[in-house]
Amino acid sequence: MSAIAAKLASWVSGGAVRVFLIVVALFWLLPTIGLLLSSLRDPTDIAASGWWKVFSAPSELTVSNYKSLLSNDTVVNSLLNTILITVPTTLLVVVIGSLAGYAFAWMDFRGRDWWFLAVVGLLVVPVQVALIPVAQLFGKIGIFGDITGVVLFHTAFGLPFAIFLLRNFFAEIPRELLEAARLDGAGELRLFTTVIMPLGGPAIASLGIFQFLWVWNDMLVALIFADSGSQPITVALQQQVRQFGSNIDILAPGAFVSMVIPLVVFFAFQRQFVSGVMAGAVK
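Cut-offs used in this document
Residues numbered from 1 in each chain as written. Predicted model: local features only at pLDDT ≥ 70, side-chain atom pairs only at ≥ 80, totals over all residues. Heavy atoms only, no water. Helix = DSSP H or I, 4+ residues; strand = E, 2+ residues; numbered from the N terminus. Buried < 20%, exposed > 50% of the residue type's maximum accessible area, 1.4 Å probe, protein only. Polar contact = N/O pair within 3.5 Å; in protein donor to acceptor, adjacent residues only side chain to side chain. Contact = heavy atoms within 4.5 Å. Salt bridge = Lys/Arg side-chain N within 4 Å of Asp/Glu carboxyl O. Phe/Tyr/Trp six-rings, centres within 6.5 Å; stacked < 30°, edge-to-face > 60°.

Caption draft 1: Summary view of the side chain of Thr234. Its location among the elements puts Thr234 in helix α12 (residues 233–243). In this structure Thr234 comes out as buried when scored by relative accessible area, which is 14%. A polar contact is formed between the side chain of Thr234 and the backbone oxygen of Asp218, at a distance of 2.8 Å. Not counting chain neighbours up to four residues away, the residues in contact with Thr234 comprise Trp216, Asn217, Asp218 and Met219.

Caption draft 2: Quick peek at the pattern of salt bridges. Following the criterion strictly, the structure yields two salt bridges and no others. Notably, a salt bridge pairs Asp108 with Arg112, separated by 3.5 Å at the nearest N-O pair. Between Asp113 and Arg112 there is a salt bridge, with the nearest N and O atoms lying 3.8 Å from each other. Classification of Arg112 as partly exposed rests on a relative accessible area of 21%. Each of Asp108, Arg112 and Asp113 takes part in one network of salt bridges that share partners.

Caption draft 3: Structural context of the packing of aromatic side chains. Enumeration according to the criterion identifies eleven aromatic pairs in this entry. For the ring pair Phe153 and Phe225, a centre distance of 4.8 Å and an interplane angle of 35° mean the geometry is tilted. In this pair, Phe153 is assigned in helix α7 (residues 147–170) and Phe225 in helix α11 (residues 220–225), connecting sequence segments 72 residues apart. Relative accessible area serves as the criterion here: at 3%, Phe153 is assigned to the buried category. Classification of Phe225 by relative accessible area gives buried; the value is 1%. Measuring from ring centre to ring centre gives 5.5 Å for Phe161 and Trp214, while their planes differ by 70°; the resulting arrangement is edge-to-face. Taken as a pair, Phe161 in helix α7 and Trp214 in helix α10 (residues 201–216) lie far apart in primary sequence, 53 residues in all.

The analysis is restricted to geometry; functional conclusions fall outside its scope.
Right, dumping it as structure tokens:
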């Protein structure tokens, strides 16, 4: 009898947890679902009722809003600018952060610990403090308002966290593996590419996902350093709201595209992300 009661309690607890997780997942996805359905409705229908009306009137669904989006040069160019800003920034932060993290973890050089403390100290520097002086510097060297300036700013402020994260991860790699590779004649570059990179793959992938999401969703830095020809999608949508408050046929699909691309990137690399987080937790 006790065994049956234990099985029943286990089934109830497991089922309750599953139901709770499903409800949380649906609640988390609810804004995305609502935005998707709104982007597939006519502006007059959006003004008349909520997005849930499509469940009783599926004939309201249309792709005309996405046609309007693709014909809006400002939004399309801003989406391309977002890619041109996010991808190089992510690659630069990952590559430079990996090399610097390896150097701080396994290379001996003068003042290594003091330099690492300086990097850690930069983690607490707020972005707002550097906006005006960096804008003046970029203006003097001629890259203010250009995509290059936005990429450099994001890279500079992403590197302290990247170096701190990867250095701590690389430092947990067994020393014996590195010494064995050195005995086989491996130099620092070969050691980094054949030992550090494969073992540090989960942490590097997690860093790449974080950096991609941060830069893609940024608006503050882009408002300051990007002009009308280099503005990303976040700034373009904000200006659409300011200039055309009722232009919902552009705002709804544009906002959904801006939201869904980071979600696709996250779900595509979620296995690596979870592996990196779990590896850091175990260490």
